[in-house]
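Each chain is listed here by its residues.
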Amino acid sequence: MSDVSFVDTHVHFWERPHPTLTWVWLEDDFIHPQLGDTVLLKSMKQYAIDEFAAEVEGAGVSKAVHVQAAIGSEDPVEETKWLQAMIDRTGYPLAIVGDARMQSPDVEATIERHVEYANFRGMRDFAQGDYLVDPDFHRGYALLEKYNLVYDLDVFWENMHKAAAMAAKFPNVILVVDHAGFPQERTAEYFYNWQQGIAAFRGMDNVYMKISGLGMGDHMAGRKWTLDTIRPWVESCLEVFGVEQSFFGTNWPVDKDYSTYPVLIDAYRELISGYSESEQTALFSGNAEKVYRI
């Protein structure tokens, strides 16, 4: 297997309690709509550079991208401020994908404050309503081109055609489909529908597939993932998006409940072992470095 370095494009850090930040999904009474009661995560009052570094040792990780996690905070820019201080002190996580209410009439003011921080690279918003076709959301989304930001999107297969239409409307904004579209079930019918969903993005040069978080779907199906259970999802992503527009992430430490970090990275390495060295480099680091400018 190749020993090419790995850029982890999906990690989450926290430090609880914090004077200006809140992580509502880690509070004792929060029940995740898909994963249920995430007891392991809630027991971890802090997960930041030291904890991450200890877990990734030996896995060949060279860089990381932090994706919006302090959901529920009064001011989303406070998370970027906290992360930038971490980067300045330690060199990690290198890229920040932050939070903003994209449908808000004053979202540009929030974006302007985010981009004052050197390592800010993109946005993710768990927006309200049928937002992928909402003119207010589109108005906010259009601003990403002006500020050279990417958009990380959580979207299920049922709405991928809407996401593809939005990406076509804004061809100069890079859209990243998180967690392979977060497939929820492990049935033949669901897999077929999901394949049809991701096919909506075929041929779109401004859309990238982030292959991450697949352990969550197996967990919801009542099992832990194996190389064989995640293989068809990974291979389908690569078939639609190609080596040029795909990359990997871990969703760490959320997926910590389903395996160790090195085991997951070794599985990724095995799944792409049939590709050339240059292709493996693109999938493991090159594409992510280009998209997130790191």
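This text goes with the structure placed above it.
Residues numbered from 1 in each chain as written. Predicted model: local features only at pLDDT ≥ 70, side-chain atom pairs only at ≥ 80, totals over all residues. Heavy atoms only, no water.

What am I meant to see in the layout of surface pockets here?
Gaps between atoms show up when a probe of the same size as a water molecule is rolled over them. Space inside the largest pocket adds up to approximately 750 Å³. Class assignment for the residues of the lining of the largest pocket results in 17 nonpolar, 10 polar and five charged. Approximately 190 Å³ is the volume found for the second largest pocket. Classifying every residue of the lining of the second largest pocket by side-chain character gives six nonpolar, six polar and four charged. (1 Å grid on protein atoms, 1.4 Å probe; cavity = no way out; pocket = protein on both sides within 12 Å on 5 of 7 lines; lining within 4 Å. Points joined across faces, edges and corners; volume = space filled by probe spheres on them. Nonpolar A, V, L, I, M, F, W, Y, C, P; charged D, E, K, R; others polar.)

Would you mind showing me how to read the packing of helix α7 (residues 188-198) against helix α9 (residues 227-241) here?
For any two helices packed against each other, one specifies the crossing angle of their axes together with the interaxial distance. Contact pair α7 / α9: the axes reach a minimum separation of 10 Å and the direction vectors enclose 25°. Regarding the angle of α7 to α9, the classification is roughly parallel. As for the relative orientation of α7 and α9, their crossing is right-handed in sense. Here Y190, F191, W194, Q195 and I198 of α7 lie close against α9, whose contacting residues are P232, W233, S236, C237, V240 and F241. Of the residues belonging to the contact of α7 with α9, the class tally is nine nonpolar, two polar and no charged. (Axes fitted to C-alpha atoms, helices over the stretch in contact; angles between N-to-C directions. Helix = DSSP H or I, 4+ residues; strand = E, 2+ residues; numbered from the N terminus. Parallel < 35°, antiparallel > 145°, perpendicular 65-115°, else oblique. Left-handed = near helix turned anticlockwise from the far one by under 90°. Contact = heavy atoms within 4.5 Å.)

What am I meant to see in the packing of helix α4 (residues 107-114) against helix α5 (residues 135-146) here?
Between α4 and α5, the least distance of the axes is 10 Å, while the angle of their chain directions is 30°. With respect to α5, the axis of α4 lies roughly parallel. Considering how the two elements wind past one another, α4 and α5 form a crossing that is right-handed. Between α4 and α5, the residues in contact are V107, E108 and I111 and R139, G140, L143 and K146, respectively.

It is not clear to me how unusual backbone geometry should be interpreted in this structure. Could you clarify?
In most cases, non-glycine residues show a negative phi, while peptide bonds are predominantly trans. Of the consecutive residues R16 and P17, the connecting peptide bond is found in the cis state with omega at -5°. Examined against the element boundaries, P17 turns out to sit in the loop between β2 (14-15) and α1 (39-42). At the junction of W252 and P253, the peptide bond is cis and its omega measures out at 5° in the coordinates. Tracing the backbone shows P253 in the loop between β10 (246-248) and α10 (261-271). In this structure, A180 is a non-glycine residue whose phi angle is positive, near 55°. Position of A180 among the secondary structure elements: in the loop between β8 (175-177) and α7. We classify A180 as buried; its relative accessible area is 0%. Look at N251: it is not a glycine, yet its phi comes out positive at around 65°. With respect to the helices and strands, the residue N251 is situated in the loop between β10 and α10. Residue classification places N251 among the buried positions, given a relative accessible area of 2%. (Buried < 20%, exposed > 50% of the residue type's maximum accessible area, 1.4 Å probe, protein only.)

Help me understand the pairing of strand β5 (residues 94-98) in this model?
A regular strand places its side chains so that they alternate between the two faces of the sheet. Counting buried positions along β5 gives four out of five residues, so the element sits mostly inside the fold. In terms of strand pairing, strand β4 (residues 61-67) meets β5 through four bridges, oriented parallel. Considered in β5, the bridge of V67 is made with V97. In this view, the connection linking β4 to its parallel neighbour β5 by way of helix α3 (residues 77-90) has right-handed handedness. (Pairing = 2+ DSSP bridges. Right-handed = clockwise from strand over helix to strand, strands pointing away.)

What's the story with the pairing of β4 in this structure? I'm lost.
Among the seven residues that make up β4, six are buried, leaving the element largely enclosed by the rest of the structure. Relative to β4, strand β1 (residues 6-11) runs parallel, the two sharing four bridges. Note on β4: the bridge partner recorded for D8 is A64.

For this particular structure, what's the right way to read the side chain of S259?
Turning to its location among the elements, S259 is positioned in the loop between β10 and α10. Ignoring any residue separated from it by four or fewer positions in sequence, one finds S259 in contact with W225, W252 and L264.

What exactly am I supposed to notice about α3 here?
Residue pairs spaced three or four apart in an α-helix point in one direction, given the helix's 3.6 residues per turn. Taking 1.5 Å per residue, 14 residues should reach 20 Å; α3 reaches 20 Å between its end C-alpha atoms and fits that length. Within the span of α3, buried status applies to V77, E79, T80, W82, L83, Q84, M86 and I87. Contacts made by the buried residues of α3 are with β2, α2 (49-56), β4, β5, α4 and β6 (120-123). Phi for G91, located one or two positions after α3, is positive at around 90°. (Expected span 1.5 Å × (residues − 1).)

What should I look at first to understand the sheet that holds strand β7 (residues 150-153) in this one?
Pairing between the strands of a sheet comes from backbone hydrogen bonds, and it takes one of two forms, parallel or antiparallel. In spatial order, the strands read β1-β4-β5-β6-β7-β8-β9-β10; together these eight strands make up an open sheet with parallel pairing. The sheet is open, and its two borders are formed by β1 and β10, each paired with just one other strand. Here the strands of the sheet are splayed against their neighbours by 30° on average, with no regard to which way each runs. Bridging between β8 and strand β9 (residues 207-211) involves three bridges; their strand directions are parallel. Bridge pairing links V177 to M209 in β9.

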